Amino acid sequence: MAGHSNFETNNPLIKWVETRLPIFGLMQSQAMDFPTPKNLNYWWTFGGILTFCLAVQIVVGIVLAMHYTPHVDMAFGSVEHIMRNVNYGWMLRYIHATGGSMFFIAVYIHMFRGMYYGSYKEPRELLWILGVVILLVMMATAFLGYVLPWGQMSFWGAKVITSLFSAVPLVGEDLVVWLWGGFSVDNPTLNRFYSLHYLLPFVLVGVVFLHIWALHVTGNNNPTGISVKSEQDTISFHPYYTMKDAFAMALFVLVFAFFVFYKPNYLGHPINYQEADPLVTPEHIVPEWYFLPFYAILRSIPHKLLGVIAMFASIFVLVILPWLDTSRVRSARYRPIFKQFFWLLVIDCVILGFVGANPPEGTWLLVGQIGTAYYFLHFLVIIPLLGLIETPKPRPTSISQAVLDANKGKGGGADAVPSAQAAE
Amino acid sequence: MAVSDTAEPTRRDFLFIATGAVGAVGAAAVAWPLVSQMNPDASVRALASIEVDVSALAEGQSITIKWRGNPVFIRYRTAAEIEEARSVSIDDLPDRLARNANVSESADASDINRTATGREEIIVMMGVCTHLGCVPLGEQGEFGGWYCPCHGSHYDTAGRIRKGPAPENLPVPAFEFVGDNIIKIG
C-alpha cells in the first residue's frame, strides 16, 4: 500500500537535503499522500490520539523529572514540592497522572475497535501483535510510574506486584530480591523504578514506530473489513484524515482537560497522599482502574502460581487471537452472532473491573470467577467456534459500493467519489 | 565457492570463528555485572541483624519491629492461643513444614517447631504474607491468629496458613535469645 514518492520542489535547500536524505519525500508519501480507505469512522482516530498521549506523557514527564527526587526520604516530599512550589507544578503533575488514565482509555477503545472490525486478521497479525507489545510496555511504565510518588498505595502496589514473581518455581524468591535490590521494596527499588520509568517511554516510541511501519505496509482496515480494491476506495491521508484526527483529538483534549482541571484526583486513590509505611498495609489495596480487570483475574484463582499464570495468559491470549479466530469475515458489521459476543466481552471486562475494585470475598469472588472463566471462554472457545458455525451477512463488493449503499439509504446522491465524500 | 566442504579451514574461517567466540564470551562477561548490580548491595546486606528487648512484652501483647525493611512480629501468646495452636493436627495444615530457619528444613509445622525453644509462649516471625507480601493484621481472621486484608489469607495462632491463597506458613527468621529478654534476629 505504501505510495511511492513523487515529491517535487523548486526550493534549492530542500532539494539539496532531499538528494542526501529523502525525508521530505518520505513524509509526503507516508503522511500526506498515503492512500487511506475513504470510509474510516471516528473509532479510527484513536491511533493518532494515542500518539498524542505518548508525546504529552514524555514531554511533561521530562519536565517533572527536573523537580522530582527518587529517594525514599524525599520522594513523597518532592511530589508535594512540585504541587505547591514549582511554577505550574500542580498542573504538570495532574496532566501526567491523568494522562496515564487517558492513555489507557484511548488504548482500550483502540483495541476493542480492532476486535470489532477484525483488524487483527490476515494480513495485519504482526501489526496487532506489536500493539499487544505496546500495551505490555505501557502497563509496565504505568506501574513503575505509580510507585514514584511513594505514597501508601505506591509502596504496597509495588510490593504486591513484584511479589507476583515469587510465584515462579525454584528461583522465585531470588528473583524478587533481585528486582528489589534488597529484602523488601526500599530505596534501591525506587531508584531502579525511576530509571526504568524514564527508559520505557522511549522503548514505546520505538515499538510505536514499528507499529506504524507495519500499518503502512498493509494499509488500514476499515469498517466494512473489505480490502481496498482500487484507487476509488481510498482518499489521501492529508488533508482528509489529518483533519478528522485533529478534530477528534481536540474533543479528546477537552475530556482530558476536564479531568485535569476539575477532577484531577477522581481517577486516583486518596490513600496515596499518605507517605509509604513499610509496616502498615492499607486496608484495601487496589491498583489504578486500568489494571482492575487483570487484578480481578489474578485474585479469582485461589492459587498463587495459577493466579499469576491466568493474569499473564489474559494478555497473551490476545497475541494468538489472529489464529484463534477462524472466521474470514473481518468486520462485525457482517457477523451478527459475533457482534453480540463482542459486546458480551466488553460487558465482561467492565464487570471484571468492578470485581477488581472490591474485596475478593463472597459474591464478588464468585462473580470474578465467572467473569474470568467467560473471558477465556470467549477467546478460546467462542471465537474459534463462531467462525465455523456463523453465517455472515452478504457483504458489499467493495468499499466504494458500501459507501454508495449507505448514501442511498440516507437519500443522498449516488456519486460518492472522494471529492463528494469529503464535502459532506 | 563449492569447495568449502573438503578444503582446509581458511584464514577467513578462522577469523569468523575467533571473532564470534570472543564476541559471545565478551557479551556474557559484560552482561553478568549488568545483571548482578541489581542484587542487594553491600550496605543492604550489612543490615543483617538487630537485637530486640522483649522484657516489656506482657501476655497477649505483640510488637512489630522492622528488620531488613520488613516487619517482624513478636507475640507473647496467651495460654488459650498456645492451647489452640497445639490442638491442631499436622494433617489439617495446608503447609506442613515448620518454615523455621532455626530448625531443620524438613521439620513439621507443629507449634513447638514454630516457636522459641524453652520460651514457647513467644513467637517470632516475618510479618509478610507469603502470598503477595502484605502485612497481616494481628488477632484477626477465622483462626484467631493473623489475617491478611489484601487477598484474604487466614493464619492461626502459630502463624500457620489455614485458609486463603497464601501457599506457606509465615516464615520464622533465624533468631536466638542472647539474654533473658533480648532477642537477636538475623
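Structural notes, computed from the coordinates. (Residues numbered from 1 in each chain as written. Chains lettered and ligands numbered in written order. Predicted model: local features only at pLDDT ≥ 70, side-chain atom pairs only at ≥ 80, totals over all residues. Heavy atoms only, no water.)

### Concerning the overall build of chain B
Cut-off, in case you're wondering: Secondary structure counts use DSSP, requiring at least four H or I residues in a row for a helix and at least two E residues in a row for a strand, with both numbered from the N terminus. Radius of gyration: over C-alpha atoms. The globule rule applied is 2.2 Å multiplied by the number of residues raised to the 0.38 power. Computed with a 1.4 Å probe, the accessible areas rest on the Shrake-Rupley method; for each residue, only the protein chains presented here act as cover. In this tally, Lys and Arg are treated as positive and Asp and Glu as negative; His is ignored, and so are the chain termini. Each charge is placed at NZ for Lys, CZ for Arg, CG for Asp and CD for Glu.
A tally of regular secondary structure across chain B gives four helices and 10 strands. Listed by position from the N terminus, the elements making up chain B come as α-α-β-β-β-α-α-β-β-β-β-β-β-β. The globule rule puts the C-alpha radius of gyration for 186 residues at 16 Å, and the 26 Å found for chain B is more than 25% above it. Oriented by its inertia axes, the alpha-carbon framework of chain B measures out at about 90 × 35 × 30 Å. When the accessible surface of chain B is split by element, carbon and sulfur atoms take 56% of a total near 10,000 Å². Taking the average location of the 16 positive side-chain charges in chain B and that of its 24 negative ones, the two points are 5 Å from each other.

### Comments concerning the side chain of A:Asn222
All names here are of chain A. Where we set the bar: Only protein chains enter the accessibility calculation, which uses a 1.4 Å probe; a residue whose area is less than 20% of its type maximum is buried, one above 50% is exposed, and one in between is partly exposed. Whenever two N or O atoms come within 3.5 Å, that pair is a polar contact, provided that in protein one can donate a hydrogen and the other can accept it, and provided that, for residues adjacent in sequence, both atoms are side-chain atoms.
With respect to the helices, strands and loops of the structure, Asn222 is situated in the loop between helix H9 (187-218) and strand E2 (234-236). Since its relative accessible area comes to 1%, Asn222 is described here as buried. Of the polar contacts made by the side chain of Asn222, one reaches the side chain of Asn39; its length is 3.1 Å.

### Digging into the state of the cysteines
Residue and element names in this part refer to chain B. Note the threshold: Only a pair of cysteine sulfur atoms within 2.5 Å counts as a disulfide in this structure description.
Considering all chains together, one arrives at one disulfide over all chains under this definition. Two residues share a disulfide in this structure: Cys134 and Cys150, whose sulfurs sit 2.1 Å from each other. Residues Cys134 and Cys150 are joined by a disulfide whose S-S torsion is about -100°; by sign, that bridge is left-handed. Residue Cys134 is found in the loop between strand E4 (122-126) and strand E5 (137-138), and its partner Cys150 is found in the loop between strand E6 (144-148) and strand E7 (153-156); the two are separated by 16 residues along the sequence. We note that Cys134, like Cys150, is buried.

### Here we look at the sheet that holds strand E10 (residues 182-185) of chain B
All names here are of chain B. Rule in force here: When DSSP finds two or more bridges between a pair of strands, those strands are recorded as paired. Fitting a line to C-alpha atoms yields each axis, with helices limited to the stretch in contact; the angle taken between N-to-C directions then spans 0 to 180 degrees.
Strand order in the open sheet formed by three strands is E1-E10-E9, and the pairing between neighbours is antiparallel. The two strands at the open ends of the sheet, each matched to only one other strand, are strand E1 (50-53) and strand E9 (175-177). Across this sheet, the average inter-strand angle for adjacent strands is 25°, counted without regard to direction. Both E9 and E10 contribute to a ladder of three bridges, which runs antiparallel. Looking across to E10, one finds that Phe177 is bridged to Ile183.

### Some points on the nonpolar core
Applicable threshold: Think of a nonpolar core as a cluster: buried Ala, Val, Leu, Ile, Met, Phe, Trp, Tyr and Cys residues, connected wherever their side-chain atoms sit within 4.5 Å.
With 141 residues, the main nonpolar core has A:Tyr375, B:Ile74 and B:Ile185 as its most contacted residues. If one sorts the elements of this core by residue count, helix H6 (residues 125-147) of chain A sits on top with 15 residues.

### Topic: the packing of aromatic side chains
Each aromatic ring pair is summarised here by two numbers: the centre-to-centre distance and the angle between the ring planes. What counts is decided by this rule: Under the pairing criterion, centres of Phe, Tyr and Trp rings, with the six-membered ring standing for Trp, must be within 6.5 Å; the plane angle then separates stacked pairs below 30 degrees from edge-to-face pairs above 60, leaving the rest tilted. The rule is short: NZ of Lys or CZ of Arg within 6 Å of the ring centre and within 35 degrees of the ring normal puts a charge over the ring.
Within this structure, the stated rule accounts for 31 aromatic pairs over all chains. Between A:Phe104 and A:Phe291, the ring centres sit 5.9 Å apart and the planes meet at 70°, which makes this aromatic pair edge-to-face. Of the two residues, A:Phe104 is situated in helix H5 (residues 89-116) and A:Phe291 in the loop between helix H10 (237-262) and helix H11 (292-300); the sequence distance between them amounts to 187 residues. A:Phe291 shares its class with A:Phe104; the two are buried. A network of ring pairs unites the aromatic residues A:Trp44, A:Phe112, A:Tyr116, A:Tyr117, A:Phe338, A:Phe342 and A:Trp343 as a single cluster. The lysine or arginine in question, A:Lys244, covers the ring of A:Tyr42, its NZ or CZ lying 4.6 Å from the ring centre. Of note, B:Arg68 hangs over the ring of A:Phe183, and the distance from its end group to the ring centre comes to 3.6 Å.

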